[in-house]
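In case you want the letters, here they are:
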Amino acid sequence: MTLTTRKFDALIVGAGGAGLRAALQLSNAEARVAVVSKVFPTRSHTVAAQGGVNAALANVLPDSWHWHMFDTVKGSDYLGDQDAIEYMCRAAPKVVYELEHFGVPFSRLEEGNIYQRAFGGQSQHFGKEQAARTCAAADRTGHAILHSLYQQNLRAQTHFFDEYFAIDLIKDETGHVLGVVAFDILSGEPIVIEAKTTLIATGGAGQIFRTNTNALSNTGDGMAMALRAGVPLEDMEFVQFHPTGIAGRGMLITEGARGEGGFLINDQGERFMERYAPNAKDLASRDVVSRAIAIEVREGRGCGRNKDHTLLDLRHLGADTIMKKLPGIREVSMTFLGVDPIEAPIPVFPTCHYSMGGIPTNRDGQVVVPVKDTPEDPVPGLYAAGEAACVSVHGANRLGGNSLLDILVFGRAAANHILDFLKDNRQHRPLHQESVDQALARLARWDRKGEGEAVEPLRRELRKVMEDHCGVFRTAEVMQEGVTRLHELRERIDNAVIRDHSRTFNTARVEAMELENLMDCAMATIVSALGREESRGAHSRMDFTDRDDERWLRHSLYSLQDDAMDYKPVRTQPVTVESFPPKERVY
Amino acid sequence: MSLPDTQTRWRCRRGMLENDLLLRAFLEYGYDELDQEGRDAFDRLLGYPDNLLLDLVLGRQQTVDAGIARLVPLIRAAAAARTWE
Ligand SMILES: Cc1cc2nc3c(=O)[nH]c(=O)nc-3n(C[C@H](O)[C@H](O)[C@H](O)COP(=O)(O)OP(=O)(O)OC[C@H]3O[C@@H](n4cnc5c(N)ncnc54)[C@H](O)[C@@H]3O)c2cc1C
C-alpha cells in the first residue's frame, strides 16, 4: 500500500477558535497552511461558548489591562504565569477589535461601542468595584467567532482536511516534530501530513468525567498525542466544576435557579446545604456546594435508582415564577430528563466544565519541556494553543470569559512565532519512518479480531471512575483507589476490540482511539491530583484543606512514562510591571 | 433494521453537548423508522449550524421546512425516552 503524503509549512490540528485564529494569521502571511479537524470546523466546541470574551475596553465602566491582569492572577490562585497573563491582558483589546474587523457582530451600546457585561471575578482598581469586561455577540459569541474565522480562512485559502482524525505526532531522533499521521474518517485511509511546524489546538478533555458540559468530541486527543511524544502535561489536576449539572447528562443549571429560591435536597428530602453553610445555604460558593453534593452521595444519601445524585427543588416557587423567570431551565429539564420542574425536582450533580491544564507552552505558543537544568526548553517545530495548552494564564482556576481570550491571543501569538521559525527553517527535515510506522501500528491495532471487551462500556467505566475518585471530593485514599482502577482499565483497554472493521466511515475506530486518549488524560489528571497535597483554586483536597505556597507554588508535570510527576516553578515575574505576590483569596 | 448510515452518524457529532445528546438519542430511537423523505430531512437538519439546530429542536425557532418540522417532536421524544448511562 502506498501511503499518501502531503507537505505544508504549517500544520494545525484542530479547527476551534485557537486553531482557526492561528491558521488565519499564517495564511494571511502567505504560509502554506493545513488545518486538520475530526469534525467539520464549525462543529468545533468553541461554538458552545455563550458568555463572551474579556477585554479591558472600558466601554461601560472604567477599566485597564492592569486591573484585568490582577483579577486573572488572583483568580488563578497565584498559580498563573504572570508574564503570559500580562501579555494576554494587554493584547485583549486588539484581539477583540480584530474580531470585529473579521465580522463578529458584537452587541453594542446605543452610541455604537461594543457593549460589555459584568461577570464574576472582574474588578476595578485591583479588587475594588465591579468591572464590566465581557464582550458578547448576543448569547452566541463562540458561534459568531468560529463562523467568522472559518469564512476568513476560506478566503485566505487555508487548506482544510475536514473529518480527518489525527493519530500521533511524527518526531525524529533529534526531537524535531515533523507533522502528524492522520486518517480520513470517510475512506479510512491513513495520510502523512508533513510540516515544518505543527500546532496542537485540539481543545479540552472534559469527557474524562461522566458528568460534564463538553461536547462529546472533547476527548483530549492532542494532550494524549503530546504525552505519547514524550511531552509532559502541566497542571492537569485543575479542573473546573460547576455544582449543578443535570445528573448523568452534564449540561448546566445556572446559579439563577438557586438565586430565585430553588434549594437542594437529598434522599430524605432534607435541605442539606443548611448543614454545610448555615448562612449562605444553597447560595454558598461553587466549590462548597459541589463538595456538599458529592458528600451527600458518598455517604449514601443520594437519590435515584443508583443513589448517585441529589435533587434541585423548584416546586415551591410555583408555576408562574418558573415559567417567567426560569424558562430555559424548565425547557432543558423537560427535554433531557422528561422532568417538569413545576411538578418534580431536577436530578443534579457537579459537572466538569473546563480543563485548566494541558500541554506546557511559553507565551509564544512553543511547547516547552524540562531538559537537564532548564525547566522550559522548546520542542523544535511543536506549538500548542487553546484549551489543549497550558500557557498558563488560568493557573488553578479560570475566570469566565478568559478562555475565549486565551484561545485567540495565543493562537495568534503562536502563529507569529511560527512565521519567524519558518524564515529560519526553509526546508522540510527528512521524514522519520519509524515514527510514522508507530502511529500506523496504533491505527492497525484496532483491526485486531477475536475476543475482547467492547469500547463503550470501558469508556463508561473510565468516566465513572474519574467522577467517583477524582471529582470534587479528593483525598489520598479515594484517589489512590482510582489510580489502581485506572491501571486495571488501561490493561483492559489494551485488549479491547471493535466489531466493525469496515474501512469507510468507521466511527467505531474513531471512538476506540478517543478512548485511548481519554485514558491517558484521565491518568494524567488523577496522578497529578494525588501528587498535589494542598487545596488551591479548583483543586480541593479534604485531607489538605489549605493552600501551601511554600511547597506548592509550582506547576505539576505528568509524564506518561512510569506515570511520573515532576514540578517546575511558576513564572511570578510579569514582563513590564511588578509581580502580584500571593495573597489569601477572598471575594 | 439497518444501522444508520455511518456518515450520518458522524455528522451527529456536534459542537454542543445538548445537540450531541439529542441526535444520539434519535439515532437510537427513531432514525431507523424514517422513510427516505424523513432521512433526507434529517440530513438537511444536520446541515444547520449548532445554535440554530438546538433552537429548532427546542422549539425556540420554527422552520418552514415541513420535513424538518415533522422530525422535531420525534427527536424530543427520543431524548426524553433514552435511558442514560
Ligand atoms: C458550555 C460551555 C460554554 C462556554 N462559554 C464560554 C464563554 O462564554 N467564554 C469563554 O471564554 N469560554 C467559554 N467556554 C470555554 C471555551 O468555549 C473553550 O475553552 C474554547 O472554545 C476552546 O477552544 P479551542 O480552540 O481550544 O478548542 P475547540 O473549540 O474545542 O476545538 C478543538 C478542535 O480540535 C479538533 N480535534 C480534536 N481532536 C482531534 C483529532 N484527534 N484530530 C483532528 N482534529 C481534532 C476538533 O475537531 C476541533 O476542531 C465555554 C465552554 C463550555 C463547555
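In the block above lies the structure referred to throughout.
The notes below deal with the structure included here.

**Remarks on the site of the ligand**
All names here are of chain A.
Right, on to step 1. Not every one of the 37 residues close to the ligand is listed here, only the nearest: Ser44, Thr46, Gly51, Glu387 and Leu404.
Right, on to step 2. One of the backbone nitrogen or oxygen atoms of Val39 is found 3.4 Å away from an oxygen atom of the ligand.
Right, on to step 3. Ala166 is positioned with one of its backbone polar atoms (N or O) 2.9 Å from a nitrogen atom of the ligand.
Right, on to step 4. Here the ligand loses 94% of its free accessible area of 1000 Å² to cover by the protein chains.
Right, on to step 5. Elements with a minimum of two residues in the shell around the ligand: helix 1 (17-28), strand 2 (33-37), strand 7 (164-171), strand 14 (346-355) and helix 11 (402-424).
Right, on to step 6. Of the residues forming the shell around the ligand, the biggest block, 4 residues, is contributed by helix 11.

**Examining the packing of aromatic side chains**
All names here are of chain A.
Right, on to step 1. Evaluated as defined, the whole model comprises 15 aromatic pairs over all chains.
Right, on to step 2. Taking 5.4 Å as the distance between ring centres and 75° as the angle between the ring planes, the aromatic pair formed by Phe70 and Phe580 counts as edge-to-face. Of this pair, Phe70 sits in helix 2 (residues 65-75) while Phe580 sits in the segment after strand 20 (564-569), placing them 510 residues apart in sequence.
Right, on to step 3. Here Phe70 falls in the buried class, since its relative accessible area comes to 12%.
Right, on to step 4. Ring geometry for Tyr150 and Phe160: centres 5.2 Å apart, planes at 70°, overall edge-to-face. Placement of Tyr150 in helix 4 (residues 141-155) and of Phe160 in strand 6 (residues 159-162) is noted, with a sequence separation of 10 residues between them. Just as Tyr150 is buried, Phe160 falls in that class too.
Right, on to step 5. For the cation-ring pair, Arg398 lies above Tyr354, with the distance from its terminal atom to the ring centre recorded as 4.5 Å.
Right, on to step 6. Against the face of Trp552 rests Arg554, its NZ or CZ located 4.7 Å from the ring centre.

**Notes on the pairing of strand 1 (residues 4-13) of chain A**
Residue and element names in this part refer to chain A.
Right, on to step 1. As paired elements, strand 1 and strand 9 (residues 190-200) share 9 bridges and run parallel to each other. Directly across from Arg6, in strand 9, lies its bridge partner Ile193.
Right, on to step 2. One ladder, built from 4 bridges, connects strand 1 with strand 2; its direction is parallel. Its bridge partner being in strand 2, Ala10 is matched across the sheet by Val33.
Right, on to step 3. Each parallel crossover has a hand, and for strand 1 linked through helix 1 to strand 2 it is right-handed.

**Topic: the nonpolar core**
Right, on to step 1. Counting 114 residues, the largest nonpolar core has Leu314 of chain A together with Phe42 of chain B as the members making the most contacts within it.
Right, on to step 2. No other element matches the 12 residues that helix 11 of chain A contributes to this core.
Right, on to step 3. When residues are assigned to domains, this core turns out to be shared by domain 1 (4-46 + 90-102 + 139-239 + 355-434) and domain 2 (247-350) of chain A, each giving three or more.
Right, on to step 4. Not counting the four nearest positions on each side in its chain, Leu314 of chain A is found in contact with Ala257, Gly262, Ile322, Leu326, Ile329, Pro341 and Ile346 of chain A.
Right, on to step 5. Formed by 87 residues, the second largest nonpolar core is a distinct cluster that contains Leu486, Leu489, Met513 and Cys521 of chain A.

**Some thoughts on the sheet that holds strand 19 (residues 554-559) of chain A**
Residue and element names in this part refer to chain A.
Right, on to step 1. Here 3 strands make up an open sheet; going across it, the order is 10-19-20 and the pairing antiparallel. Bordering the open sheet on either side are strand 10 (233-234) and strand 20, each of which pairs with just one other strand.
Right, on to step 2. As judged from the 6 bridges shared by strand 19 and strand 20, these two strands associate in the antiparallel manner. Within strand 20, the position partnered with His555 by the bridge is Lys568.

Rules behind the numbers
- Residues numbered from 1 in each chain as written.
- Chains lettered and ligands numbered in written order.
- Predicted model: local features only at pLDDT ≥ 70, side-chain atom pairs only at ≥ 80, totals over all residues.
- Heavy atoms only, no water.
- Near = heavy atom within 4 Å.
- Polar contact = N/O pair within 3.5 Å; in protein donor to acceptor, adjacent residues only side chain to side chain.
- Areas by Shrake-Rupley, 256 points an atom, 1.4 Å probe, with all protein chains shown as cover.
- Helix = DSSP H or I, 4+ residues; strand = E, 2+ residues; numbered from the N terminus.
- Phe/Tyr/Trp six-rings, centres within 6.5 Å; stacked < 30°, edge-to-face > 60°.
- Buried < 20%, exposed > 50% of the residue type's maximum accessible area, 1.4 Å probe, protein only.
- Lys NZ or Arg CZ within 6 Å of the ring centre and 35° of its normal.
- Pairing = 2+ DSSP bridges.
- Right-handed = clockwise from strand over helix to strand, strands pointing away.
- Core = buried A, V, L, I, M, F, W, Y, C linked by side-chain atoms within 4.5 Å.
- Domains from an automatic or database assignment.
- Contact = heavy atoms within 4.5 Å.

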